[in-house]
Amino acid sequence: MKSRIVVPLLCCTAWALVIAGNRAVHADEAGFDEIFNGRDMVGWMVEGTSTRKEGEQTVPVWTVADGELRCGGGGFGFLRFDREVCDFVFQAEFKLAKGSNSGVGIRTVPYRSVRQTRPSFAAYEVQLQDDGAKPPDEHSSGSLYRYVAPTASAVKPAGEWNTVEIRCMGPRIMVVINGQQVLDVDQTTVEQIKNKPLCGYVSLQNHGSAVAFRKLRLKTIKAGA
């Protein structure tokens, strides 16, 4: 099978944004950008582990196939979109393998293979993992990993496609998974995160296990510096 990478990302201008489902959104439609072209990883940068062993072969960790951006796992790292944003809405679909772990970095810095530059330390990681049957905590899907727990567990079983929407407006961060709002927090009200950055990059996590993304879309409300 030939490999190819696909990325669509989207944002909205108001908190009342309705998830646009599977419909394609183009840059001339209310400012939404498809940030993954479905053919290659133009506009995206691999950070951390870039290759893995598959039998006797060395293959890329991140590939594109069938309109999907796929992480084959192995090692640790991120795939970062090369545009800084401040206020935005991001939408994507994701599919987890059994027991897999991933996430979306937001308002983060370039990862330099040191802990301080991981999104969960430098800014935020919105956790995505195969944990749909577990009670939510600060490490659950939809959490601001390590800091704020989601209100519910909304991820579907491994092998099924999920939707995620992340909205950032000033210090307010909202997360919606499969149409259910699972997080709404003002970071200034939480001592541990009150000084986290309000601008930065969006990235996808390789946490050593398989995950696929598609239909990544971004609408920038306020661009980065």
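See the structure printed just above.
### Some remarks on the overall build of the chain
Here is step 1 of the chain: Counting its secondary structure elements, the chain contains one helix and 15 strands.
Here is step 2 of the chain: Each of the 225 residues in the chain was classed as buried or not, and the buried ones make up 50%.
Here is step 3 of the chain: Relative to all contacts within the chain whose residues are 6 or more apart in sequence, the contacts with residues 24 or more apart total 71%.
Here is step 4 of the chain: Total accessible area on the chain is roughly 9800 Å²; 49% of this is exposed by carbon and sulfur atoms.

### Details of the environment of R118
Here is step 1 of the chain: Relative to the helices and strands, R118 is located in the loop between strand 9 (101–108) and helix 1 (119–122).
Here is step 2 of the chain: When the C-alpha atoms of R118 and Q205 are compared, they prove to be 9.6 Å apart, with 87 residues separating the residues in sequence.

### Structural notes on the packing of aromatic side chains
Here is step 1 of the chain: According to the stated counting rule, one finds five aromatic pairs in the structure shown.
Here is step 2 of the chain: Seen in terms of ring centroids, F76 and F78 are 5.4 Å apart; in terms of plane orientation they differ by 90°. Their pairing is edge-to-face. In terms of burial, F76 and F78 fall into one category: buried.
Here is step 3 of the chain: Ring geometry for Y124 and Y147: centres 6.3 Å apart, planes at 90°, overall edge-to-face. Remark: Y147 occurs in the loop between strand 10 (124–129) and strand 11 (161–169) and Y124 occurs in strand 10; sequence separation between them is 23 residues.
Here is step 4 of the chain: On the basis of relative accessibility, which here comes to 0%, the residue Y124 falls in the buried class.
Here is step 5 of the chain: On the basis of relative accessibility, which here comes to 12%, the residue Y147 falls in the buried class.
Here is step 6 of the chain: Grouped by ring-pair contacts, the aromatic residues F76, F78 and Y111 constitute a single cluster.
Here is step 7 of the chain: Positioned above the aromatic ring of Y124, the side-chain terminus of K196 is 5.9 Å from the ring centre.
Here is step 8 of the chain: One cation-aromatic arrangement involves K219 over F32; the distance from NZ or CZ to the ring centre is 4.9 Å.

### Details of the state of the cysteines
Here is step 1 of the chain: The tally for this structure, following the rule as stated, stands at one disulfide.
Here is step 2 of the chain: Covalent S-S linkage joins C86 and C199, the inter-sulfur distance amounting to 1.9 Å. When the S-S torsion is 105°, as for the bridge of C86 with C199, the disulfide is right-handed. Highlighted residues: C86 in strand 8 (residues 85–96) and C199 in the loop between strand 13 (180–186) and strand 14 (201–206), separated in sequence by 113 residues.
Here is step 3 of the chain: For C86, a relative accessible area of 3% corresponds to the buried category.

### Quick notes on the pattern of salt bridges
Here is step 1 of the chain: Per the counting criterion, the structure on display carries twelve salt bridges.
Here is step 2 of the chain: E93 is the partner of K215 in a salt bridge, and the nearest nitrogen-oxygen pair spans 3.9 Å. Here the residue K215 occupies a position in strand 15 (residues 211–223), and E93 occupies one in strand 8, the gap between them amounting to 122 residues.
Here is step 3 of the chain: Classification of K215 by relative accessible area gives partly exposed; the value is 26%.
Here is step 4 of the chain: Linked through salt bridges whose partners overlap, the residues forming this network are E47, R80 and D82.

What counts, and at which threshold
- Residues numbered from 1 in each chain as written.
- Predicted model: local features only at pLDDT ≥ 70, side-chain atom pairs only at ≥ 80, totals over all residues.
- Heavy atoms only, no water.
- Helix = DSSP H or I, 4+ residues; strand = E, 2+ residues; numbered from the N terminus.
- Buried < 20%, exposed > 50% of the residue type's maximum accessible area, 1.4 Å probe, protein only.
- Contact = heavy atoms within 4.5 Å.
- Areas by Shrake-Rupley, 256 points an atom, 1.4 Å probe, with all protein chains shown as cover.
- Phe/Tyr/Trp six-rings, centres within 6.5 Å; stacked < 30°, edge-to-face > 60°.
- Lys NZ or Arg CZ within 6 Å of the ring centre and 35° of its normal.
- Disulfide = S-S within 2.5 Å.
- Salt bridge = Lys/Arg side-chain N within 4 Å of Asp/Glu carboxyl O.

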